[in-house]
Amino acid sequence: MRRFRIAVLRKKALMFAAVGVASLGTVLFAATARHQASLPDFDKDGLPDLALYRPPSGTGTAGTFYALLGRGNYSPTNSLYSAPLGTFGDMPLLGDFDGDGKTDLVTYTPFGAHAWSIMLSSQNYTAVNTVQFGLDGDIPVLADYDKDGKTDIAVFRPIEGRWYVLLSKSNFTSVVSAQWGDALATPVPGDFDGDGIVDLAVIEPAESNGLANWYVLQGGSNYTTAYLVATGFGPGGVTYVPADYNGDGKIDMAYYDPIATTFTVRLNGQANDYGTKQFGVSGDVPVPADYDGDGKADIGVFRPSNATYYALTAASNFTVGLTRTFGFSAIIGDQAVLVRR
């Protein structure tokens, strides 16, 4: 990591700092980690559901979230729900902001207003709750950082190399922050060491002969221990898709090459424990997640041209696939949305 290379290799402490009246130190220490990316569960039945977002057709119109429930065997005739939310240019996201175990809807306005518009399952998705937080250029990094069972609003600010978290336990009034990364970093929070606590992780491009390095600031050490988790993993032009692909409770390094249409996974950061699988066609969007509910992330893509999810299951060693058609053509611009927490 350019700004912190010496600190990382020497494992120096990089402490969180309070912003405003918030206190830090142990606040984020207990944050519980989950899969980096997973399918939503809108009805809390334990079955993975699918979510799509249809952007507004233009300025002054609203976007729409659509949910296809697993309990109806993904049949649109008896399990399709929709809710209008967001304006032109908003980013669609998902989380559990009320802690009821059901997925909530959220859009983030990345420029100008920096509004987080949230529709809660506990309000039957009928009311919009708005919080203003962020600056132009911030990257959303939602997670449950304070272990209250609710998703916290959080961003990574590349111009500062700093993470900012608006804590749900304070009713989104207290902010905490940490310095970790630089202007070129890709933030990927998750449990990389398997201790059940969210780690701060960044991917720094082109540091090792043109390949990326992955750095982690451990949540289990109260964010005082840093280490280099992977060296030279990920060329330019790829999409990073870290997740728990083998079900051991640790986030694995992974990326998707849109040109070769291949997933490359390195388990537990081990250079000799990795594999590459060709899957998908040009234009597909990578959406790896646990599609079959076995606790392991499956290789998955969403194909905008026919609005269909395709996946290869980890349980079959990525040889058996499943297909879920949901949405309309790319002309409308439906977007697959995962839970990132």
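Here the structure is a predicted model, which is why all the values come from computation and not from measurement.

Asks: Mind showing me how you'd approach the overall build of the chain here?
Replies: Counting secondary structure elements, the chain contains two helices and 25 strands. When burial is assessed residue by residue, the chain has 57% of its 341 residues classed as buried. Counted over contacts in the chain with a minimum sequence separation of 6, partners at least 24 positions apart contribute 42%. Accessible area for the chain stands at about 13900 Å²; split by element, carbon and sulfur atoms hold 53% of it.

Asks: What is the right way to read the nonpolar core from this model?
Replies: Nonpolar side chains in soluble globular proteins tend to end up buried together. Counting residues in each nonpolar core, the largest one holds 19 residues, and the members touching the most others are Tyr-145, Trp-163, Trp-180 and Leu-200. Contributions of two or more residues to this core are made by strand E10 (153-157), strand E11 (162-166), strand E12 (175-179), strand E14 (200-208) and strand E15 (211-217).

Asks: Looking at this structure, I do not really get the sheet that holds strand E20 (residues 274-278). What am I missing?
Replies: Pairing between the strands of a sheet is mediated by backbone hydrogen bonds and can be parallel or antiparallel. Here we have four strands laid out as an open sheet, ordered E17-E18-E19-E20, and antiparallel in their pairing. Two strands lie at the open edges of the sheet, namely strand E17 (239-240) and E20, each paired on one side alone. Relative to E20, strand E19 (residues 262-266) runs antiparallel, the two sharing five bridges. Across the sheet, the residue bridging to Val-265 is Gly-275, located in E20.

Asks: Please explain the environment of Lys-44 as it appears in this structure.
Replies: Mapped onto the elements, Lys-44 comes out in the loop between strand E1 (16-19) and strand E2 (50-54). Looking at Lys-44, the relative accessible area reads 53%, which means it is exposed. Separated by 58 residues in sequence, Lys-44 and Lys-102 place their C-alpha atoms 5.4 Å apart. Among all residues touching Lys-44, those that are not within four sequence positions of it are Asp-100, Gly-101 and Lys-102. A distance of 3.2 Å separates a polar side-chain atom of Lys-44 from the backbone oxygen of Asp-100.

Asks: Help me understand the sheet that holds E14, please; the structure alone is not making it clear to me.
Replies: Spatially, the four strands line up as an open sheet ordered E13-E14-E15-E16, and their pairing is antiparallel. This sheet does not close on itself; its edge strands, each paired only once, are strand E13 (186-187) and strand E16 (226-230). Bridging between E13 and E14 involves two bridges; their strand directions are antiparallel. Looking at E14, one finds that Pro-187 is bridged to Val-202.

Asks: For this particular structure, what's the right way to read unusual backbone geometry?
Replies: Excluding glycine, residues mostly have negative phi values, and the peptide bonds linking residues are mostly trans. Even without a glycine there, the phi angle at Phe-172 is positive, about 60°. With respect to the secondary-structure elements, Phe-172 resides in the loop between E11 and E12. Despite not being glycine, Phe-318 has its phi angle at roughly 60°, a positive value. On the secondary structure map, Phe-318 appears in the loop between strand E23 (308-312) and strand E24 (321-325).

Asks: Just checking my understanding: could you explain the packing of aromatic side chains for this structure?
Replies: Geometrically, a pair of aromatic rings is defined through the distance of the ring centres and the angle of the planes. Applying the stated criterion across every chain, the model contains 10 aromatic pairs. Seen from their ring centres, Trp-214 and Tyr-240 are 5.6 Å apart, and the 90° between their planes marks the pair as edge-to-face. Of this pair, Trp-214 sits in strand E15 while Tyr-240 sits in strand E17, and the two are 26 residues apart along the sequence. The exposure classification of Trp-214 matches that of Tyr-240, with both residues buried.

Asks: I would appreciate a short explanation of the side chain of Thr-264 in the present structure.
Replies: Mapped onto the elements, Thr-264 comes out in strand E19. Reaching out from Thr-264, the side chain makes a polar contact with the side chain of Thr-276 at a distance of 3.0 Å. Once you skip the residues sitting within four places of it in the chain, Thr-264 turns out to touch Phe-233, Met-253, Ala-254, Tyr-255, Tyr-274, Gly-275 and Thr-276.

Calculation criteria
- Numbers given for residues are sequential positions, taken from 1 along each chain in its written order.
- Where local features are concerned, this predicted model is filtered to residues with pLDDT of at least 70; where side-chain atom pairs are given and counted, the filter is 80 or more; whole-chain, interface and lining totals use all residues.
- Excluded from the side-chain calculation are hydrogens and water; included are all heavy atoms of the structure.
- Going along the chain from the N terminus, every DSSP run of H or I of four or more residues is numbered as a helix, and every run of E of two or more is numbered as a strand.
- Relative accessible area decides the class of each residue, using a 1.4 Å probe on protein chains only: under 20% of the type maximum gives buried, over 50% gives exposed, and in between gives partly exposed.
- Every residue pair with non-hydrogen atoms within 4.5 Å of one another is taken to be in contact.
- Each accessible area is a Shrake-Rupley result for a 1.4 Å probe, and residues are judged covered by the shown protein chains and nothing else.
- By nonpolar core is meant a set of buried Ala, Val, Leu, Ile, Met, Phe, Trp, Tyr and Cys residues that side-chain atoms within 4.5 Å join together.
- Two strands qualify as a pair provided that DSSP identifies no fewer than 2 bridges between them.
- Here a polar contact is recorded for every N or O atom pair within 3.5 Å, except that within protein the pair must consist of a potential hydrogen donor and a potential acceptor, and residues adjacent in sequence are included only if both atoms are side-chain atoms.
- In this analysis, rings of Phe, Tyr and Trp, with Trp reduced to its six-membered ring, are considered paired at centre separations within 6.5 Å, and the interplanar angle assigns stacked below 30 degrees, edge-to-face beyond 60, and tilted for intermediate values.

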